[in-house]
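Residues per chain are reported as follows:
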Amino acid sequence: MSTDGNVELQMGSFEAPKIRLLRSLSIETETMQVLDFAAFPKPEYDVPIFCANFFSNASTSIVLLDLNPLHDVINQREYKEKYYSSLIPLGVKYSELLPWGGKLTSESLTFFSPIVIWTRFTPNQHKYDALYSAFVDYYKAWVELIDEAAEENDASIIKFNCEAQHRYLAWRAEKDPGHGLLKRLIGDTAAKELLRNFLFHGIDELGSKSFLDYFPDYRSEDGTVIEKRSIVGKSFENRPWDARGEFVGPLKVHSSMP
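Procedures and definitions
- Residues numbered from 1 in each chain as written.
- Predicted model: local features only at pLDDT ≥ 70, side-chain atom pairs only at ≥ 80, totals over all residues.
- Heavy atoms only, no water.
- UniProt positions renumbered as here; feature names shortened; annotations may be inferred.
- Helix = DSSP H or I, 4+ residues; strand = E, 2+ residues; numbered from the N terminus.
- Buried < 20%, exposed > 50% of the residue type's maximum accessible area, 1.4 Å probe, protein only.
- Disulfide = S-S within 2.5 Å.
- Pairing = 2+ DSSP bridges.
- Core = buried A, V, L, I, M, F, W, Y, C linked by side-chain atoms within 4.5 Å.
- Contact = heavy atoms within 4.5 Å.
- 1 Å grid on protein atoms, 1.4 Å probe; cavity = no way out; pocket = protein on both sides within 12 Å on 5 of 7 lines; lining within 4 Å.
- Points joined across faces, edges and corners; volume = space filled by probe spheres on them.
- Nonpolar A, V, L, I, M, F, W, Y, C, P; charged D, E, K, R; others polar.

The protein carries the name Phytochromobilin:ferredoxin oxidoreductase in an unreviewed UniProt entry, which gives Cannabis sativa as its organism. Entered under Sequence similarities (unreviewed entry) in the UniProt record, the comment concerning the protein runs "Belongs to the HY2 family."

Below, the structure written as structure tokens:
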């Protein structure tokens with residue numbers, strides 16, 4: 001429950017032979033609905049991470065839906081071809097129904113795939129059926145990938161996968177945009193514990209590197225983490241992948257976003 005006793009946070013988590021963590025957090029009030037749903041493969045599999053983040057209130061809905069790549073899909077084609085080549089038509093279909101939602105930081109983009117759905121819409125645009133359909137289709141696609149994945153036995157590759165997932169967890173636990181909402185509902189200490197021990201569980205188990213080990217540019221003069229969500233200064237105001245899933249690069253240089 002929230003600290004004022006008025007809001008219930010509903011949570012559930014599971015594991016399976018190939019899935020390290022599948023978890024869901026939902027929050028519903030008279031004025032707001034939130035869903036944070038994710039599924040993480042075990043390190044023996046380099047399958048992408050399923051990610052669905054939905055926020056809705058009376059004036060707007062903000063959506064992020066993706067199969068987050070475990071490895072680089074912008075500069076390295078092998079991983080992209082392995083998991084996303086057959087899914088590009090799916091991404092194109094829903095990117096037309098759910099258009100690009102505006103500025104997205106360069107740092108965030110490195111964790112997204114060519115089929116990412118990042119969108120905003122208002123209630124009068126009637127896009128909820130399309131959103132639900134996208135969620136179902138993306139989740140089915142992820143389930144098929146994890147079902148077909150072969151277990152890796154090479155210790156060096158398993159370690160590589162483990163560090164890639166740990167880097168993702170480190171970024172999300174530190175820079176997740178939902179932290180502010182959780183802080184308002186349950187306080188800063190409990191919010192940070194929820195991020196590390198539930199939403200992004202594994203950050204203390206999969207590796208020992210800190211956020212600043214992975215992202216040294218965020219180190220302030222006194223050694224603490226710079227709180228800004230972006231310090232690179234570039235944002236993507238339009239979808240940076242074309243209809244073939246090819247990355248078309250930065251479109252505009254923009255001031256750092258908070």
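A.B. asks: Any chance you could explain unusual backbone geometry here in plain terms?
C.D. replies: With glycine set apart, most residues show a phi of negative sign, and most peptide bonds adopt trans. Here the phi dihedral of histidine 126 falls at roughly 55°; this positive angle occurs in a residue that is not glycine. Note that histidine 126 resides in the loop between strand E6 (117-121) and helix H4 (128-148). Exposure remark for histidine 126: the relative accessible area of 67% places this residue in the exposed category.

A.B. asks: Can you help me understand the state of the cysteines in this one?
C.D. replies: Two cysteines form a disulfide when their sulfur atoms are joined by a covalent bond. Evaluation of the coordinates by the stated rule reveals zero disulfides. With no disulfide of its own, cysteine 51 lies closest to cysteine 162 among cysteine sulfurs, the gap being 19 Å.

A.B. asks: I tried to follow the pairing of strand E2 (residues 19-28) on my own but got confused; where do I start?
C.D. replies: Both faces of the sheet carry side chains from a regular strand, because those side chains alternate between them. Burial analysis of E2 places eight of its ten residues in the buried class, the great majority of the element. Counted along the chain from strand E1 (residues 9-16) to the antiparallel partner E2, the turn is two residues long. Both E2 and strand E3 (residues 32-41) contribute to a ladder of nine bridges, which runs antiparallel. Residue pairing across strands places leucine 25 opposite aspartate 36, the latter belonging to E3. In textbook terms, the turn of a hairpin is the stretch between consecutive antiparallel strands, and for E2 and E3 this stretch comprises three residues.

A.B. asks: How should I be thinking about the nonpolar core in this particular structure?
C.D. replies: Of all hydrophobic cores here, the largest spans 71 residues; its most connected members are Ile27, Phe50, Leu65, Leu67, Tyr138 and Leu182. Here this core takes nine residues from H4, the largest share from any one element. Beyond its immediate chain neighbours, meaning those up to four positions away, leucine 182 contacts Leu9, Leu25, Ile27, Gly187, Ala191, Leu194, Leu195 and Leu199. Membership of the second largest hydrophobic core comes to nine residues, among which are Trp100, Leu109, Trp118 and Phe236.

A.B. asks: What should I look at first to understand the layout of surface pockets in this one?
C.D. replies: Leftover empty space is mapped by rolling, across the atoms, a probe with the size of a water molecule. Estimates place the volume of the second largest pocket at around 590 Å³. Counting residues per element, the ones that place at least two in the lining of the second largest pocket are helix H5 (155-175), helix H6 (179-186) and helix H7 (188-199). Considering every element that reaches the lining of the second largest pocket, the biggest residue donor is H5, with five residues. Of the residues in the lining of the second largest pocket, the class split is eight nonpolar, four polar and eleven charged.

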